[in-house]
Amino acid sequence: MKFKEIKRYLVNKPDNSFFYLEGSDAYFREKAQEMIISSLVTAYQDINVTRLNLPSANEIYESCSVLPFMSEYRAVVVREYYPSAQDIKKLVNLKLSDCVLIISNSQKSLIGGLNNNFVDCNKESVPVLANWITTLLKAQNKQTDIHAASMLALYCGQDMMRITNEIKKLSSLPQTQITESDIEQNVSKEIEYQAYMLANAVTESGKDIYQILGDFINKGTESYLINSLYNNYKRMYYVKDSLQNSERLSKALKVKPYAVTMTAKAAKNYDKDSLAGALKLLADTEYKIKSGFMGVKNALYYTVATLLNNNLKKV
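Each chain has its residues counted from 1, running along the sequence as written. With pLDDT at 70 or above as the cut-off, local features in this predicted model cover only qualifying residues; side-chain atom pairs require 80 or more to be listed or tallied, and sums for whole chains, interfaces and linings still use all residues. In computing side-chain properties, one takes all heavy atoms of the structure into account and sets aside hydrogens as well as water.

A. The pattern of salt bridges, seen in detail. Salt bridges, as used here, are contacts in which a Lys or Arg side-chain nitrogen is within 4 Å of a carboxyl oxygen on Asp or Glu. Applying the stated criterion to the full structure yields nine salt bridges. The shortest N-O distance in the salt bridge between Glu166 and Lys169 comes to 3.0 Å. Residue Glu166 and its partner Lys169 are both found in helix α8 (residues 160–171); the two are separated by three residues, about one turn of the helix. Linking Glu286 and Lys290 is a salt bridge whose minimum nitrogen-to-oxygen distance equals 3.5 Å. Here Glu286 and its partner Lys290 are both found in helix α15 (residues 272–290), four residues apart, which amounts to about one turn of the helix. Taking relative accessible area as the criterion, Lys290 reaches 68% and is therefore assigned exposed. Connected through shared salt-bridge partners, Lys2, Asp120 and Glu124 make up one network. In this text, helices come from DSSP runs of H or I with a minimum length of four residues, and strands from runs of E with a minimum of two, each type numbered from the N-terminal end. Here's how the labels work: a residue is buried when its accessible area is under 20% of the maximum for its type, exposed when over 50%, partly exposed in between, all with a 1.4 Å probe on protein chains only.

Structure, rendered in structure tokens:
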């Protein structure tokens, strides 16, 4: 199930008390854990909740064998547990009668194939996050539209932990309506999103190109931009003329389907040879930086100017 489904799922008090939380969004994993404990551990949570870091399979087994204190269930919370095939067998045979086992991992593991309540805690899509953002801001007596909310989600790299922190910051502004301008002025852009903006600005020969470059340099993050730009153009190269759907491409490129859609839109402006030329330029520039033949700042301006002037042929 997705994170957004777990609250409704817990209402029916599920029989299976083994929960496995997996995904890249730490906020979702923490919130899912809190909801499970609040729903099933009905009393004395300070006594009835045990937290284990890097435990052995035997430690998990022993902790799950302890009886709850004046509560229907107690909980054992395990973070970042990646068992071997041998330890997996012990988890399979684990009997949970009055204990809730919650394993929370940021990466995939063998646990995902067990008989558990699997909760997908990966980052959500921009439209879903935008709806949540409007709700969260409303709870702070602030209003925004779906375009500004989507902008905030993108600027935060679709990371819910960062989104909640930025909402706290935006909630302190005096005005009731939070606009795109407020987000532009108060929220730092995710580096990958800035790279996308820069690549898109180059595509359209936009006036914001050197402003985006200036932002990177002022924040001291310019060293990341060449690599981010390379990744951006590489995605355009692979998405260009691809017959695979967005879901398959997102898995192959390890990005969200929404990012694939945006990349495909930008890639339509160029032919395949032009994108290959951009990749070669960026790879050569990175080599010159690492070899000491060119400073990062000069390399950035040189690369962008070259991309603008003579390498990319529009379709």
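B. How the structure looks around the pairing of strand β2 (residues 49–53). Relative to strand β3 (residues 74–79), β2 runs parallel, the two sharing five bridges. Of the residues in β3, the one forming a bridge with Arg51 is Val77. With helix α4 (residues 57–64) bridging β2 and its parallel neighbour β3, the resulting β-α-β unit is right-handed. Here a strand pair is declared whenever DSSP counts at least two bridges between the two strands. Note on handedness: a crossover is taken as right-handed if, strands pointing away from the viewer, the path from the first strand over the helix to the second is clockwise.

C. Spotlight on the packing of aromatic side chains. The aromatic pairing rule takes the rings of Phe, Tyr and Trp, using the six-membered ring of Trp, and pairs them if the centres are within 6.5 Å, calling planes under 30 degrees apart stacked, those over 60 edge-to-face and the rest tilted. This structure, assessed with the given rule, holds seven aromatic pairs. Note on Phe28 and Trp132: the rings are 5.6 Å apart at their centroids and 85° apart in plane angle, and the pair reads as edge-to-face. Placement of the pair is Phe28 in helix α2 (residues 26–40) and Trp132 in helix α6 (residues 126–139), with a sequence separation of 104 residues. The class of Phe28 is buried, set by a relative accessible area of 0%.

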